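Here is how the chains run, residue by residue.
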Amino acid sequence: MSGLSIDQQARAAEAYILQELKKSDDGKKILQDEDFQARLNMNFITVFAIFAELYGYRNDCLDQLVDLILMCGKSWQERGPELRKLDKQRESDPEWYMSNQMVGGVCYVDRYAKNLQGVKDKIPYFKELGLTYLHLMPLFLCPQPLNDGGYAVSSYRDVDPALGDINQLRELATELREAGISLIVDLVFNHTSNEHKWAQKAAAGDPEHSAMYWIFPDRNVPSAFERCTREIFPDDHPGSFIQLPDGRYIWSTFYHFQWDLNYSNPAVFRAMAAEMLYLANVGIDFFRMDAVAFMWKRMNTDCENLPEVHKLLRAFNALCRIAAPSVLFKSEAIVHPDFVVSYIDRYECQLSYNPLQMALTWEALATRDASMIAQAIERRHNIPRGCAWVNYVRSHDDIGWTFSDEDALELGKDGTNHRKFLNAFFVNRHPGSFARGVPFQDNPRTGDCRISGTTASLAGLESGHDGALERILLSFSIAMSTGGIPLIYLGDEVGQLNDYSYLNDASKMDDSRWVNRPFYPEANYAQRHDTTTVPGKVYAGIKHLINLRKSTEELSGGRAIGFFTGNPAILGYQRPGVNSTVLCLCNFSDERQWIGRDRFMGMPEAAVDLVTGNMIELRRSGIHMQSHQYIWLKF
Ligand code: GLC
């Protein structure tokens, strides 16, 4: 084949695969589908090039591709008419998820609604709140009682029986779709649970399945890898490996019951691709690509964010374009900001969590100084066209201070010391702290630590400090308006507090993230329409922000432009629309603050604040802002 360009090689390979497909009845059927063939034709080169790069050293590379394309074709044949209709609709409106109508919610099925039927029953509430995007935390079969909140998956095709079954998930997806709500579930790509059938066969010594994981006969290779890898859950086990009962060592980045898959084996790629397309056909709209940073390992590297991970994601993405075209990816990479953005690309992950903005919102609340978040918006906010941030105030996980030390240094802050301060502040070990968080994975050996807590508890509602409500709403105003999709951890919109009951549960007491995963806060929800109550005030404030977002066209899309306020306590950013702009200002200080009139030169005399409906004079005497006030000026 030497002398052929990659394109010519791909075409030759495609022709070979089509010939091979003709040999089976399934293959013949697939070849009759023009739609499929057209999509295959458009995307094959991506899959081929990546396969050739990752697996080309193997003699069976092309045969692996034949099997992969056959699997894709079968999956497309099984895709229901409703989903195919959606595929067409979204292909003709490819940036549908950039709309200002998008508002997300996330919850655990069991904790929030008991089971899938319970989630269905909550659809009227989701509509009341204005959700168009619902992320259900992992809901698949998993070990009991230890399963890392479901992130240890034992089967990607079976729902945890305590929550329902796969048909109920399919029905729920349909009902949500009818209600205008997309469904998001996690695709836990990096690892399976130790109870997954692949894992069990591997543990029993079966060579084919052992090759799906990173298993070594002794400590030599593991120790060599561990010279460079980071400890992720040091409370559970040191290093990256655990020992199997038969004496072998297996890679386990997270908990000891989560075993990392070996993607250098194409059988793993094919197996996970099949699971992905199976779920796509259940009606999942977005996959949250869990822990992507860890998916590829190479000796003498930290085995995080390696270039091959991007290739894997692109290949998975191309398979969706072929066999489930409306499905999109959201990356979960809670890593250094340079790496977070590396996953965001129309051909890789169209959406990404914005952990930097999330963490820096809390940083600014603690320091009463918006410099770091302003710098992040200025420097790190704009991502490729057609891609969007998922902006959140907090998630089901801990909060880690993943800012760049170099960025911090430019503002005169030493990253290590600043993280120490933030950890102390948010776990109430700093005088005068309003926050009531709990340390997570406090590692005295490395000095690493993160924090857990609900929005309300971190913002001061639990400690009873002044300004808690204002801090909550200020944080949400940023998530709602910076561009991309805002995501609410459900229950936070009614001010739910930390739940310390995890300390009484042996299977949870060692993982403080359970403090911020409370059960459905029934009493808070019951008060949500009563604005004399705290839950009612939080709800009214957030609902108002949602309504504003949905009626403000400028907030669609993902672009934000920094605005220099000249006052370090006040964050400013602009959201340009077609013929107008919305300028958002947020005061992080406990005091009244002022932005000088100079900042508004060249702007209109006055503009309306969408939040209050008041006209605000800009050029006469500048703007005075109350403590924690946010203003959205439209001009
Ligand atoms: C992701 C999840 C987290 C889980 C980890 C391992 O980071 O958000 O909850 O512990 O992956 O799957």
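Relevant structure appears above.
What counts and how
Position numbers for residues start from 1 in each chain and track the written sequence from start to end. Given that the model is predicted, a residue must reach a pLDDT of at least 70 before its local features are reported, and side-chain atom pairs must reach 80 or more before they are shown or counted; all residues, however, enter totals for whole chains, interfaces and linings. Note that water and hydrogens are dropped before the side-chain values are worked out from all heavy atoms of the structure. Strands are runs of DSSP state E lasting at least two residues, helices are runs of H or I lasting at least four, and both sets are numbered from the N terminus onward. As a reference, a globule follows 2.2 Å times the number of residues to the power 0.38, and the radius of gyration itself is taken over C-alpha atoms. Accessibility here uses a 1.4 Å probe with only protein chains present; expressed as a share of the type maximum, an area under 20% marks a residue as buried, one over 50% as exposed, and anything in between as partly exposed. For this analysis, residues touch if any pair of their heavy atoms sits within 4.5 Å. For accessible areas, the Shrake-Rupley method is used with a probe of radius 1.4 Å. Any residue's cover is judged against the shown protein chains and nothing else. Counted charges follow a simple rule, with Lys and Arg positive, Asp and Glu negative, and His plus the chain ends left uncounted. To locate a charge, take NZ of a lysine, CZ of an arginine, CG of an aspartate or CD of a glutamate. Nearness is defined per residue: one heavy atom within 4 Å of the molecule or strand is enough. We define a polar contact as two N or O atoms separated by no more than 3.5 Å, with the added condition that, inside protein, one atom must be a possible hydrogen donor and the other a possible acceptor, whereas residues neighbouring each other in sequence contribute only through side-chain atom pairs. Each residue gets one label: Ala, Val, Leu, Ile, Met, Phe, Trp, Tyr, Cys and Pro are nonpolar, Asp, Glu, Lys and Arg are charged, and the others, such as Gly, are polar. For two strands to be treated as a pair, DSSP must find at least two bridges joining them. Axes, fitted as lines to C-alpha atoms, cover a helix only where it is in contact. Angles between the N-to-C directions of the axes lie from 0 to 180 degrees. Residues with no salt bridge and a relative accessible area higher than 30% make up the patches, which join like charges within 9 Å and nonpolar side chains (Val, Leu, Ile, Met, Phe, Trp, Tyr) within 5 Å. The rule for a salt bridge is simple: a side-chain nitrogen of Lys or Arg has to be within 4 Å of a carboxyl oxygen of Asp or Glu. Note on bend: the value at a residue is the angle between axes fitted to the seven residues ending there and to the seven starting there. The rule is simple: put a 1 Å grid over the protein atoms alone, call a set of points where a 1.4 Å probe fits but cannot get out a cavity, call an open set with protein on both sides within 12 Å along at least five of seven lines a pocket, and count a residue as lining if it has an atom within 4 Å of a point. Grid points are joined across faces, edges and corners, and a volume is the space filled by probe spheres set on the points. Here the aromatic set is Phe, Tyr and Trp, taking the six-membered ring for Trp, and pairing holds for ring centres within 6.5 Å; pairs whose planes are under 30 degrees apart are stacked, those over 60 apart are edge-to-face, and all others are tilted. Put simply, a nonpolar core is a bunch of buried Ala, Val, Leu, Ile, Met, Phe, Trp, Tyr and Cys residues held in one set by side-chain atoms that sit within 4.5 Å of each other. The labels follow the angle: roughly parallel below 35 degrees, roughly antiparallel above 145, roughly perpendicular from 65 to 115, and oblique for the rest.

Peer 1: Would you mind going over the overall build of the protein chain in detail, with residue names and values included?
Peer 2: Scanning the protein chain from N- to C-terminus turns up 23 helices and 25 strands. Taking 2.2 N^0.38 as the reference for a compact globule, 635 residues should give roughly 26 Å; the C-alpha atoms of the protein chain span a radius of gyration of 25 Å, in line with that estimate. Counting only residues that meet the buried cut, the protein chain has 62% of its 635 residues in that class. Within the protein chain, contacts between residues separated by at least 24 positions form 70% of all contacts whose residues are at least 6 apart in sequence. When the accessible area of the protein chain is evaluated, it comes to approximately 23,900 Å², of which 51% is carbon and sulfur surface. Placing the 65 positive and 80 negative side-chain charges of the protein chain at their respective mean positions leaves the two points 3 Å apart.

Peer 1: Which residues make up the site of the ligand, and what are the values?
Peer 2: Residues in close proximity to the ligand include Asp-148, Tyr-151, His-191, Phe-233, Phe-254, Gln-258, Arg-288, Asp-290, Glu-332, His-396, Asp-397 and Arg-513, which together make up its full environment. In this structure, an oxygen atom belonging to the ligand sits 3.0 Å away from a side-chain N or O atom of His-191. Between the ligand and the protein, one listed contact pairs an oxygen atom with a side-chain N or O atom of Asp-290 at 2.8 Å. Contact with the protein chains removes 95% of the 300 Å² of surface that the ligand exposes when unbound. Of the residues contributing to the shell around the ligand, the split by class is three nonpolar, three polar and six charged.

Peer 1: Before we move on, can you summarise the pairing of strand β19 (residues 570-576) with the specific residues and values?
Peer 2: Within β19, six of the seven residues are buried, leaving the element largely enclosed by the surrounding structure. With two bridges connecting them, strand β18 (residues 561-562) and β19 associate as antiparallel partners. Its bridge partner being in β19, Ile-561 is matched across the sheet by Gln-574. Pairing analysis gives seven bridges linking β19 to strand β20 (residues 581-587), with the strands arranged antiparallel. Paired with Arg-575 across the bridge in β20 is Val-582. Between β19 and β20, which pair antiparallel one after the other, the connecting turn spans four residues.

Peer 1: Hey, could you go over the pairing of strand β16 (residues 448-452) for me, with residue numbers and the actual values?
Peer 2: Looking along a regular strand, one sees side chains alternate from face to face of the sheet. Of all the five residues making up β16, four are buried; the element is thus mostly covered by neighbouring parts of the structure. Bridging between strand β15 (residues 438-443) and β16 involves four bridges; their strand directions are antiparallel. Bridge pairing in β16 links Pro-439 to Ile-451. Linking two consecutive strands that pair antiparallel, namely β15 and β16, is a turn of four residues; a positive phi of about 80° is found at Gly-447 within it.

Peer 1: For the sheet that holds strand β1 (residues 104-107), give the residues involved together with the corresponding values.
Peer 2: Strand order in the closed barrel made by the eight strands is β1-β2-β5-β11-β12-β13-β14-β17, with parallel pairing throughout. The average angle at which neighbouring strand axes cross in this sheet is 25°, direction not considered. Pairing of strand β5 (residues 182-187) with strand β11 (residues 286-289) involves four bridges; the strand directions are parallel. Counterpart to Leu-187 in the pairing with β11 is Met-289. Across the sheet, helix α13 (residues 266-282) is in contact with β5, β11 and β12 (328-331); its angle to β11 comes to roughly 140°.

Peer 1: I'd love a proper account of a nonpolar patch on the surface, names of residues and values included.
Peer 2: A cluster of nonpolar side chains, Tyr-500, Leu-503 and Met-509, forms an exposed patch at the surface whose accessible area comes to about 260 Å². Tracing the backbone shows Tyr-500 in the loop between β17 (485-489) and α22 (522-526). On the basis of relative accessible area, Tyr-500 is assigned to the partly exposed category, the value being 35%.

Peer 1: Tell me about the side chain of Asp-398, residues and numbers included.
Peer 2: As for its placement among the helices and strands, Asp-398 is situated in the loop between β14 (388-392) and α18 (405-410). Only 2.9 Å separates the side chain of Asp-398 from the side chain of Arg-450, close enough to count as a polar contact. With residues near it in sequence (within four places) discarded, Asp-398 still touches Phe-440, Arg-450, Ile-451, Ser-452 and Arg-513.

Peer 1: Residue-level account of the pattern of salt bridges, with values.
Peer 2: Enumeration according to the criterion identifies 47 salt bridges in this entry. Of the charged contacts, one joins Arg-368 and Asp-590 as a salt bridge, the two residues approaching to 2.9 Å between their closest N and O atoms. A residue pair is termed long-range when its members are at least 10 positions apart, and Arg-368 in the loop between α16 (355-367) and α17 (371-380) and Asp-590 in the loop between β20 and β21 (593-595) qualify at 222 residues. Judged by its relative accessible area of 23%, Arg-368 is partly exposed. Measuring nitrogen to oxygen at the nearest pair gives 3.5 Å for the salt bridge that ties Asp-505 to Lys-508.

Peer 1: Describe helix α3 (residues 34-55), with residues and values.
Peer 2: One turn of the α-helix equals 3.6 residues, which is why residues spaced by three or four share an orientation. Of all the bends in α3, the greatest, near 50°, is centred on Asn-43. Every buried residue of α3 is listed here: Phe-36, Arg-39, Leu-40, Asn-43, Phe-44, Val-47, Phe-48, Ile-50, Phe-51, Leu-54 and Tyr-55. On the buried face of α3, the contacting elements are α1 (6-21), α2 (25-31), α4 (61-78), α5 (81-91), α13 and α14 (307-323). The opening residue of α3, the one whose side-chain oxygen lies 3.1 Å from the backbone nitrogen of Asp-35, is Asp-33.

Peer 1: Describe empty space enclosed by the protein, with residues and values.
Peer 2: For the coordinates displayed, the defined rule picks out five cavities of 30 Å³ or more. Computed from the structure, the largest cavity encloses a volume of approximately 100 Å³. Around the largest cavity, the lining residues are Pro-337, Val-340, Val-341, Asn-354, Pro-355, Leu-356, Gln-357, Ala-376, Ile-377, Arg-380, His-381 and Trp-389. Among the residues making up the lining of the largest cavity, the classes are represented as eight nonpolar, three polar and one charged. Residue composition of the lining of the second largest cavity, by class: four nonpolar, three polar and three charged.

Peer 1: Which residues make up the packing of aromatic side chains, and what values do they have?
Peer 2: Counted under the stated rule, the structure contains 38 aromatic pairs. Judged by centre distance (5.4 Å) and plane angle (80°), the ring pair of Phe-51 and Phe-269 falls under edge-to-face. Residue Phe-51 is found in helix α3, and its partner Phe-269 is found in helix α13; the two are separated by 218 residues along the sequence. The buried category is assigned to Phe-269, whose relative accessible area is 1%. The interplanar angle of 15° and the centroid separation of 4.3 Å between the aromatic rings of Phe-269 and Phe-316 together place this pair among those described as stacked.

Peer 1: A description of the side chain of Lys-508 should follow, citing residues and the corresponding values.
Peer 2: Along the chain, Lys-508 turns up in the loop between β17 and α22. By relative accessible area, Lys-508 is classed as buried at 16%. Contact partners of Lys-508, with chain neighbours within four places excluded, come to Arg-111, Tyr-502 and Trp-514.

Peer 1: Residue-level account of the nonpolar core, with values.
Peer 2: Here is a general trend for soluble globular proteins: nonpolar side chains tend to be buried in one another's company. Formed by 194 residues in total, the largest nonpolar core has its most connected members in Phe-126, Tyr-263, Phe-287, Phe-316 and Phe-426. By residue number, the principal contributor to this core is α13, which donates eleven residues. Formed by 14 residues, the second largest nonpolar core is a distinct cluster that contains Ile-616, Ile-623, Ile-631 and Leu-633.

Peer 1: Which residues make up the packing of α4 against α13, and what values go with them?
Peer 2: Two numbers describe how α4 lies on α13: the axes approach to 10 Å, and their chain directions differ by 5°. Put simply, α4 runs roughly parallel to α13. Side by side, α4 and α13 meet where Gln-64, Asp-67, Leu-68, Met-71, Cys-72, Ser-75 and Glu-78 of the first sit next to Pro-266, Ala-267, Phe-269, Arg-270, Ala-273, Ala-274, Leu-277 and Asn-281 of the second. In the contact of α4 with α13, the residues fall into nine nonpolar, three polar and three charged.

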